[in-house]
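Residue-level listing of the chains:
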Amino acid sequence: MKVALFGSTGLIGKNVLKLLVRLDQVERVYCPVRRVPEPAETGILEGAAKIDFDVVDFEQVDKLREKFAGLDAAICCLGTTIKQAGSKPAQEKIDVRLPLSLAAVAKKAGVRHFLCVSAQGANSHSPFFYNRLKGMLEEGLTMMNFEALTLVRPSLLLGKHKDKRFGEELMQKILGKHLAILPARIRPVFAEAVAAHLVASMLKPPFDHVCASDGVKGKRIIYNRVLSSTNAEGLF
């Protein structure tokens, strides 16, 4: 398989990349980036030859169409916080407009399966700005009619972020190893689990699956209750 990975230097993206290069089924991972990370940043030694980091101008994503040709799937792990982005419009650009632009180019290039990290509570009519953004993203991706679309909806993400995220850090400090006391629907999940479900879905695309929430064929939503209660290692 040949795969594109957007957001390969972020918390979830790094974990997805580590899984992809270990798979015999994957021969190439195309990673458009603003800058090529140092080997120490990725933590990948074995399988690194499969990774194709490509410095691109994300203001001109239409030029990437040729790079997407021949890819079997595209995985989007892009996302930010309003603090990191600096403003609501800037966050919307990264969380909604950029993923949709990349998805549109992938669709035109013939990519059959698009996978994307969304969020628990994603709803375009939500009173919460972040959930509203993710709802807009999901609606846009659904309208593109990919043969297969996987949406993953995690709650708070646990792991070492590049930026300070108060909610996630506080949850880890308070609960530590006792996360299981929280209901699976809202329980914080580790980035490794989200990555594992993305890659597992990539290997088994939902071409014939019918989404229970809207009846769309080929669409699979992986909810937080599944992310938090599944042994990630058992997915492969």
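Let me sum up the structure you'll find in this document. (Residues numbered from 1 in each chain as written. Predicted model: local features only at pLDDT ≥ 70, side-chain atom pairs only at ≥ 80, totals over all residues. Heavy atoms only, no water.)

### Details of the overall build of the protein
The cut-off we apply is this: Helix and strand assignments come from DSSP, with helices taken as H or I runs of at least 4 residues and strands as E runs of at least 2, each series counted from the N terminus. Each residue is placed in one exposure class: buried if its accessible area under a 1.4 Å probe, protein chains only, is under 20% of its type's maximum, exposed if it is over 50%, and partly exposed if it falls in between. Here a residue-residue contact requires only that any non-hydrogen atoms of the pair lie within 4.5 Å. Values of accessible area rely on a 1.4 Å probe in the Shrake-Rupley scheme; residue burial ignores everything except the protein chains shown. In this tally, Lys and Arg are treated as positive and Asp and Glu as negative; His is ignored, and so are the chain termini. Each charge is placed at NZ for Lys, CZ for Arg, CG for Asp and CD for Glu.
For the protein, the count of helices and strands is 9 helices and 9 strands. Over its C-alpha atoms, taken along the principal directions, the protein stretches across nearly 45 × 40 × 40 Å. Evaluated residue by residue, the protein yields a buried proportion of 48% over its 236 residues. For the protein, the proportion of contacts with a sequence separation of at least 24, taken over those separated by at least 6, is 70%. About 12,100 Å² of surface is accessible on the protein, with carbon and sulfur atoms providing 54% of the total. Considering the protein, the positive charge centre built from 34 side chains and the negative charge centre built from 24 side chains are found 5 Å apart.

### Thoughts on unusual backbone geometry
Although it is not a glycine, asparagine 145 adopts a positive phi angle of roughly 55°. Turning to its location among the elements, asparagine 145 is positioned in the loop between helix H6 (129–143) and strand S6 (148–152). Asparagine 145 sits in the exposed class, given a relative accessible area of 55%.

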